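Here is what each chain is made of, one letter per residue.
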Amino acid sequence: TTEEDCAAICAAAEQSGRHVMVNFGNRHRANARRVRELVAAGEIGPVQHVYVRLNERLAKTKTIAWLDRTSPIWFLLSHCVDLVRWVTGEEFKSVHCRAVEGQVARVAPGVPDVCAALGRLESGATVFLESAWNLPEGFAPDIDFAFHVVGEEGVLQAELFPHDLQTFAARAQAHDYSFGVEGPLGELRGWWVESTRYFADALLAGEAPSPSGSDARQTTRVLLALDRSVRSGQPEDVECR
């Protein structure tokens, strides 16, 4: 959560000759990978706007042991920022973020319930980032994750947590089968398993896994700018190296 820590991690990897991968696991969701392929192929023309929404329930938020040292920016929007950078192939130039305190601050003073930000990419495309981690216990899907890309010639919409299987009994439940699903031979499937398998396969093949420490370090620079914007109330430029 600091530029200095990122630099130290990258330096340690370089000096030791070892590989570091930051597990931004959304890169291993099948639908997210397809969105990236379609954007790269020009299916929707030049990207004009990206919308990412990642919300979670308050009950889960309260289980975080380091809650007083994090926020929706670091815990949730980190994955959204990486997803935008990876899919578009562009860097953020500036961000303007707002935060609202409420229920979480009663447990962890100063930590917001909601963060929302408007960003600008190198091409001039806009990005809207939204994260609320105070959803009620009665929110059956447990997590709310959507990713939309608007281009000059079309739109791509991906619901990154499929919840189209629902149970209504003593309580309502929306099932998530993008993660931790058992295959026909008892093997585990899902984006988290795929990201872990990818890391191991890359090492066995002698290849550098992605995102590397230096790649993820740029995402941290965006998050630091979001944090500065919340405090200053003003747009903040993102340092790009």
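This text gives an overview of the structure that appears in the document. If you're wondering where the values come from, they're calculated on a predicted model, not measured in any experiment.

**Thoughts on the overall build of the protein**
- Within the protein, the regular secondary structure consists of 7 helices and 11 strands.
- At 18 Å, the protein has a C-alpha radius of gyration in line with the 18 Å of a compact globule built from 241 residues.
- Principal axes of the C-alpha set define a box for the protein whose edges measure 55 × 50 × 45 Å.
- Residues counted as buried form 47% of the 241 residues belonging to the protein.
- Considering only intrachain contacts with a sequence separation of at least 6, the fraction spanning at least 24 residues in the protein is 67%.
- Accessible surface, the protein: about 12400 Å² in total, of which carbon and sulfur atoms supply 53%.

**A short note on the environment of Gly154**
- By the secondary structure assignment, Gly154 is in strand 6 (residues 154–159).
- Placed 111 residues apart in sequence, Gly154 and Glu43 show a C-alpha to C-alpha distance of 7.4 Å.
- In contact with Gly154, not counting residues within four places along its chain, are Ile44 and Val149.

**What about the pattern of salt bridges?**
- Tallied over the full model, the rule gives 15 salt bridges.
- A salt bridge links Asp144 to Arg53; the shortest N-O distance between them is 2.7 Å. Here Arg53 lies in strand 1 (residues 47–56) and Asp144 lies in strand 5 (residues 143–151), a separation of 91 residues in the sequence. Across the pair, Arg53 and Asp144 agree in class, each one buried.

**So, the packing of helix 2 (residues 30–40) against helix 4 (residues 72–88)**
- Where helix 2 contacts helix 4, the axes come no closer than 8 Å and their chain directions differ by 40°. By the angle between their directions, the pair helix 2 and helix 4 is classed as oblique. Together, Ala32, Arg33, Val35, Arg36 and Val39 of helix 2 and Leu83, Trp86 and Val87 of helix 4 make up the contact between the two elements.
- Split into classes, the residues belonging to the contact of helix 2 with helix 4 amount to 6 nonpolar, no polar and 2 charged.

**Description of helix 6 (residues 191–204)**
- Counted at 1.5 Å a residue, the expected span for helix 6 with its 14 residues is 20 Å, and the 20 Å between its end C-alpha atoms agrees.
- Within the span of helix 6, buried status applies to Trp191, Val193, Ser195 and Ala202.
- Just downstream of helix 6 lies Gly206, where phi reads positive at about 75°.

**Here we look at the nonpolar core**
- Counting residues in each nonpolar core, the largest one holds 49 residues, and the members touching the most others are Val84, Phe92, Leu129, Phe147, Val149 and Leu226.
- Apart from the residues lying within four places of it in its own chain, the contact partners of Val84 are Val50, Val52, Gly89, Phe92, Leu121, Val127, Leu129 and Phe147.

**Some thoughts on the packing of helix 1 (residues 3–16) against helix 7 (residues 213–232)**
- Between helix 1 and helix 7, the least distance of the axes is 10 Å, while the angle of their chain directions is 180°. Looking at the two axes, helix 1 sits roughly antiparallel to helix 7. Mapping the contact onto sequence places Glu3, Cys6, Ala7 and Cys10 in helix 1 and Gly213, Ser214, Arg217, Thr220, Arg221 and Leu224 in helix 7.

**A look at helix 4**
- Look at helix 4: 22 Å from first C-alpha to last across 17 residues, which is about the 24 Å you get at 1.5 Å a residue.
- Counting buried residues along helix 4, 15 of its 17 residues qualify, which places the element largely inside the surrounding structure.
- Remark: Gly89 follows helix 4 within two positions and exhibits a positive phi of approximately 70°.

Cut-off values and rules
Residues numbered from 1 in each chain as written. Predicted model: local features only at pLDDT ≥ 70, side-chain atom pairs only at ≥ 80, totals over all residues. Heavy atoms only, no water. Helix = DSSP H or I, 4+ residues; strand = E, 2+ residues; numbered from the N terminus. Rg over C-alpha atoms; globule rule 2.2 N^0.38 Å. Buried < 20%, exposed > 50% of the residue type's maximum accessible area, 1.4 Å probe, protein only. Contact = heavy atoms within 4.5 Å. Areas by Shrake-Rupley, 256 points an atom, 1.4 Å probe, with all protein chains shown as cover. Salt bridge = Lys/Arg side-chain N within 4 Å of Asp/Glu carboxyl O. Axes fitted to C-alpha atoms, helices over the stretch in contact; angles between N-to-C directions. Parallel < 35°, antiparallel > 145°, perpendicular 65-115°, else oblique. Nonpolar A, V, L, I, M, F, W, Y, C, P; charged D, E, K, R; others polar. Expected span 1.5 Å × (residues − 1). Core = buried A, V, L, I, M, F, W, Y, C linked by side-chain atoms within 4.5 Å.

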